[in-house]
Every structure is written in C-alpha cells, then in structure tokens.
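Examining the three-dimensional arrangement
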Amino acid sequence: MKAILISLGVVGGVIVGLVPAVHRSRPRWWMALCIGGMGLTIALGLLPPLSGTFRDAVITWRQVNPELYVPVAGTLDWDAAVASGDTLVVPMTDRAIPPTTAMVVIPPGFSVPKDASVVILAVQRWKNDQQFVVRGIVAADPILALPFIPGLEERARNLFFHVPLSWVAVVAYAYALWYAVLFLRRRRFIDDIHSVSAVSIGTLFALLATATGSIWAKFNWGSFWNWDPRETSIFLLLLIYAAYFALRQSIEEPQRRAQIAAIYAIVAFVTVPFLVFVMPRLMEGLHPGSASDQTAGPILSTQPGVLHPLKQIVFALSMFSFSLLFFWLLSLRVRSGILALQHKIQQVQEMSETR
Amino acid sequence: MEAFLVRYSIYVVFLIVLVIWIGIAGWLWRLERRLVKLEQWARQHGGNRP
Amino acid sequence: MLLAIGAVVLKEIVVEFRNRSLLYTLLLFTVVVVLILAFSLMEKNIAPELFVAFCWIVLFFLAIQSGARSFAAEYERETVVLLHTLVSGYAVFWGKVVYQVGMITFLMSIAAALLLLVFDVSIASIAGFWLTLGVSSILMGAMVPIFSALIARSQMKGALLPVLAFPVFVPLMRLGIEGMLDAVLEQLHVQTLILMGAYAGIVITLAAMLFDYVWRE
C-alpha cells in the first residue's frame, strides 16, 4: 500500500510533469494541478493537529523533555469523572493499539467539550505514569490528525517539504545527465539549454533542501550543521554543480562550452548515486536510515506502521506536486533559453544579410 | 500563554507558508503568460527554429 | 594500440626530462609540506590519524599539481596538432593515464617515505599501509587526466582543476582515508580497496568513453 502510494507520487509526478513536453507552454489544467497540489500539500502537511498516546507522553517526559506538553487523542469517560474542588479527574482512553486508559486531571479554567467523541488534549505526565495533567485543548473531533513522534513533535512535518526537495534535486540532475548525453550525440544547442536549466533549477532545489534541513537541525540536533553523512553529501553535490557553473563561465566559445559542460555533467553524475543513496546508508549518522538506525527510515522501511497512512498520502502528494513545480520552473527556463537562442540566431542572420 | 502557543503556532507557520506559496504561484502564472505572449510574437516575426 | 600508448608515455617522459619543471615543482612541494609539518609540530611522535591526514593532503595536491599542466601545456606548446594527427584519442588518454599514475605513485612513495622518516608513527600493518597508499595513488592518478583535459582550454585553469576534481575525488578519498586508518591502526580490510577500485573504475571507464569528445573539436 505504502510502496504503491509513494511510487505513484514519484512516478506520477515525473510522467505528468513531462506530459506537455518541457519546451511547450503549460496548459491551464496542468498549472492548476501544480498550484492546487502544492496548496493541498501545505494544508494537509501543516494543518492537521498531532495526536499521540499516553505512552508517547510518558516517553517524552522520561527521555526528551519533562517540560513538554504532548497532544494525546482519546475519549473521555465523563460518567466516571470525579471532582475535587475546582479540579476534575476524568478517565481517558487513548487511541493506541492496544488502548490504555489513564486519569487526566483538568485544572480549573479549561472547558473540555463534553459532547465530542474524540478530543486531543495537550497533557503532561503527573505524579505517575497513569496520571496526566491537562495543559491545553488542541482539538475536538478532528477530521484528520497526524501521528505524534516523541522527540520530533511538530518538527516531523518537515518530512513533507525537506524530502521532496532533495528528491527533486536528484531528478533534476538525472535529467541534466540525460540531456548532456543527448547533446554529445546530436549536438543540438537545445539539448544544452535543457541540461543547464535542469542543473540550475536542481541546484536551487538542493539549496532549499539544505536550508529546510539545516533550520530543522538547529531545533532538533542543536546546531545548523553537524557533518552528518547526508549533510556532507549534499554539500559535495552543491560543490559539484557550483563547479559546473564555474567551468561554463570559464569557456567562451559556445560550442566548446556546451561540450565540455556536458562531459563534466556526465562524469560528475557518477557521484550522485554514491553520495545520495550509498554513503549515507553505510555510515553512522543522524539521518533516519543510516547505519546506526535499525530501520531503513520512514520512507523505505517495509515494516508496517512506520509511516502513518495520512502521512503516506500527504507524502505521495507532496512528491507529486514538487515534481510538477520543478517541471514548471524547468519549462520556463528552457523556453526562455530557446527564445534567447532564436533571437541570437536572427541577429546573426540579419548581420550577414546586411553585409 | 504557553497553552496558546501549543495550540496556535502551527497555524502561524501554515499561514506564512501559504502566503509564500500564493506569491510564488502568482509569479509563476504571470511568467507563464508573458512567455506564451513572447513566443507568439517570436513566431510571427521570423520564427525560425534553431 | 599498445605501441601508440607506449609512444605517448615515452613522449611524456622525454618532455618531462627535458625541462624537469614539473618534477622539481612536485618534489619541492612534497619537501615543503613535510618540513612545514615537522617545524610546526616540533615533536616526532604524532597520532596515526594525523599522519594519515598528512598523507592524503600531499596526495591530493600532488594529483592536482601534476594534472593542472598535463593538457594545458600541449595547447601552449602547440603540440596538440601533432598528437591529433599521429595517434588516436584513445592512445592519448591511456598514455596520459599511465604517465600520471607512474608520476604520482613515484612521488607519493617518496613523500610517504619522507613523512615516515621525519615522524615516529607506529603503524600496525606496514604492508597494508603501502598497499593502500599505492592503490590510492594509482586511482587518483588515473582519475586526473579527464579533468585535466576539461580545463585545458578554459581560463583560470589552475584554479578550476581542484574545484572540478575535488567533489568527484571525495568518495575515493573518503574510502581511502578509512582504509589507510584501518591499516595504520589495526589491519587492512581488502573490501575497502575493492570498493575504491569499483568507484574509480566507473569514473575512469566513463572518462575513457568521453575523452574523444573533449579531444576532437
């Protein structure tokens, strides 16, 4: 199920992205799909409240930070409520499998809706593992909810933005490689335009992936940069493609520039699979899926229950929309490049005619 | 105050991201239309393919 | 074919020995690095990790230094035309590879011997250390010529080569440093060398396939 959904997002994004050929204008429905898909990704990725279990609250209190409030979703048993002074003590059954029932203490000033069948309360462990004190009301009868992950909390939402950005960068570099090969075989300048445009937009996505990752790392791992294997590899990737532009800059003759750049794009791409898919998995690191992690990470793991169903859907949607966004940017870049080339050719023709 | 933050901070993030996306989408849409016009103009004036 | 490659190698050696500028530059570079390290550390006992790092710094810059001139000099001396007319691109590529490999391995062994002389380092597996060093120098030397050819006709050649080559070298260097540390601290794992060979093999095969596109105008 998860494999189908995610590959649908990944493959579908590339196919729909390539449906109106890159050098053609985007149809209205296509632009609407991209804008809507991204909007939906943002809404579904950021709006649903997190819902955890009492176990999460205990883990957070013990291992992460006893000060933190954990959103726990569950059903309150109002019939068994006991009042002591202004404080209410109500048994609550959470939505874990199997569920646990614990006592929640509702201090005065909180009006928990009594008619809601499921409420999400921000709680904190209190006195023992069976007693929790309410610190806030998150939602009543939420339509959608994302799982709570101890230690990640709201930061888990970065999955929907950070991972697609870096994935799209890899797609972009593969696309650049493909057109570099085509250029060497056919020697058409349009292929070179495709290749450069893909590299420049791929680099933009890689930069954004680095930025989202690094801001996230500041709050999760404590500093913006930790030299984790994946951080090292994206750093090298950026270095490679920066070198690509430096190389282009330094050759003036257009034919030769395109040719040399194409060769470098091909040779440099050899490192991409190694840096992105092999090295980070072989070495110890902080990212999920590295050698010190028991699972293959939330996306590739085949264990059931590693990625929540709603997360799978939003993640697939996000992969799809980010791919469309990439192909849109690419198309704009390629088409303006072609126009500039036509303009240059026309100028040369006019010059030779006047002579 | 803290309870308020727990409850609403993610909506602030959502609004910021949404506004940024609307901005980008509008910019892309406008760029697309201008490019289509330019391409039409180029096709009428000469329009040779390289 | 082999004859043509041999001729290119021979030509490189003869040209090199006519002025010996590259040889001297590289030897001087090695000696200076070793001396600076000796001066600044002021003690003979250094940590093995530090020793491995020095070896790799010297190796990387040796490769870059010798690569920077390789093809650019052909264009400056205008000997390109001769190469174009006399031998195939294939022979030129492999000739350059063989020459670079020989040169870097030779100079690197001198540099490593000097480093070992100057510093007291306890090496667990001497054979493993030299084997890793040899394999690393050979692979680095073989990977350099394609980049050297890419920058030959660009401006700011010398500055561009490390920028282009470094990211592609990194996986090899990463594995090589790991392998050398293993050899120096405990014992060599042969699979590290195999992995290095596999990675460099892909790059060199691709380079051989693509070289003609750089070479023929």
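Residues numbered from 1 in each chain as written. Chains lettered and ligands numbered in written order. Predicted model: local features only at pLDDT ≥ 70, side-chain atom pairs only at ≥ 80, totals over all residues. Heavy atoms only, no water.

This part covers the overall build of chain C. Scanning chain C for helices and strands turns up nine helices and zero strands. N-terminal to C-terminal, the α/β element order of chain C is α-α-α-α-α-α-α-α-α. Against the compact-globule benchmark of 17 Å for 217 residues, chain C has a radius of gyration of 18 Å, which places it among compact chains. Oriented by its inertia axes, the alpha-carbon framework of chain C measures out at about 55 × 35 × 30 Å. When the 217 residues of chain C are sorted by exposure, 53% land in the buried category. Within chain C, contacts between residues at least 6 apart in sequence are counted, and of these 84% link residues at least 24 apart. Summing over all exposed atoms, chain C offers an accessible surface of approximately 9600 Å²; the carbon and sulfur share of this is 71%. (Helix = DSSP H or I, 4+ residues; strand = E, 2+ residues; numbered from the N terminus. Rg over C-alpha atoms; globule rule 2.2 N^0.38 Å. Buried < 20%, exposed > 50% of the residue type's maximum accessible area, 1.4 Å probe, protein only. Contact = heavy atoms within 4.5 Å. Areas by Shrake-Rupley, 256 points an atom, 1.4 Å probe, with all protein chains shown as cover.)

Another point: the pairing of strand S4 (residues 87-94) of chain A. All names here are of chain A. In terms of strand pairing, strand S2 (residues 70-76) meets S4 through three bridges, oriented antiparallel. Residue glycine 74 lies in a different strand from S4, and its bridge partner there is aspartate 94. As paired strands, strand S3 (residues 82-84) and S4 are joined by three bridges and run antiparallel to one another. Looking at the pairing, serine 84 lines up with threonine 87 of S4. Linking S3 back to S4 in an antiparallel pair, the connection comprises two residues, with glycine 85 at a positive phi of about 70°. Note that S4 and strand S5 (residues 101-106) share six bridges and pair antiparallel. Residue pairing in the sheet places leucine 88 in a bridge with isoleucine 106 of S5. The loop that links S4 with its antiparallel partner S5 comprises six residues. (Pairing = 2+ DSSP bridges.)

The next subject is the interface of chain A and chain C. A common measure of how large an interface is: the accessible area buried when the components associate. Facing the 27 residues of chain A at the interface are 26 residues of chain C. Summing the contributions of chain A and of chain C, the shared interface buries around 2400 Å²; its carbon and sulfur component is 77%. Sorting the residues of the side of chain A that touches chain C by element identifies helix H6 (229-249), helix H7 (254-269) and helix H8 (271-282) of chain A as the ones contributing at least two each. Among the elements that make up the side of chain A that touches chain C, the one with the highest residue count is H7(A) (eight residues). By residue class, the composition of the side of chain A that touches chain C is 19 nonpolar, four polar and four charged. (Buried area = accessible area lost by both parts, 1.4 Å probe. Nonpolar A, V, L, I, M, F, W, Y, C, P; charged D, E, K, R; others polar.)

Contacts between the two partners involve 29 residues from chain B, matched on the other side by 34 residues from chain A. Around 2800 Å² of area is buried between chain B and chain A when both sides are counted, 71% of it from carbon and sulfur atoms. For the pair chain B and chain A, the number of links is two salt bridges. Between A:Arg335 and B:Glu39 there is a salt bridge, and its shortest N-O distance comes to 3.2 Å. (Salt bridge = Lys/Arg side-chain N within 4 Å of Asp/Glu carboxyl O.)

The next subject is the pairing of strand S7 (residues 128-140) of chain A. Residues and elements named next belong to chain A. In terms of strand pairing, S5 meets S7 through three bridges, oriented parallel. Counterpart to methionine 103 in the pairing with S7 is glutamine 131. Counting the residues that bridge the hairpin from strand S6 (residues 119-126) to S7 gives one residue, and of these lysine 127 lies at a positive phi of roughly 60°.

On to the domain arrangement of chain A. One can read the domain layout of chain A as domain 1 (2-48 + 152-354) and domain 2 (50-143). Inter-centroid distance (C-alpha atoms) of domain 1 of chain A to domain 2 of chain A is 42 Å. (Domains from an automatic or database assignment.)

Moving on, we get to the layout of surface pockets. Here the idea is plain: a probe the size of a water molecule rolls over the atoms and shows the empty space left. Approximately 1500 Å³ is the volume found for the second largest pocket. Considering every element that reaches the lining of the second largest pocket, the biggest residue donor is helix H1 (residues 2-44) of chain B, with 13 residues. Taken together, the residues that form the lining of the second largest pocket break down as 33 nonpolar, three polar and seven charged. Each of two domains, domain 1 (2-48 + 152-354) and domain 2 (50-143) of chain A, supplies a minimum of three residues to the lining of the second largest pocket. (1 Å grid on protein atoms, 1.4 Å probe; cavity = no way out; pocket = protein on both sides within 12 Å on 5 of 7 lines; lining within 4 Å. Points joined across faces, edges and corners; volume = space filled by probe spheres on them.)

This brings us to unusual backbone geometry. Residues and elements named next belong to chain A. In the segment running from isoleucine 97 into proline 98, the intervening peptide bond is cis, with an omega of -5°. Mapped onto the elements of the fold, proline 98 is located in the loop between S4 and S5. You will see that aspartate 141, though not glycine, has its phi angle at about 45°, which is positive. Tracing the chain through its elements places aspartate 141 in the loop between S7 and strand S8 (146-147). Take aspartate 141: its relative accessible area is 38%, and that puts it in the partly exposed class. Positive phi values are uncommon outside glycine, yet arginine 187 reaches one of about 55°. Mapped onto the fold, arginine 187 is located in the loop between helix H4 (159-186) and helix H5 (189-220).

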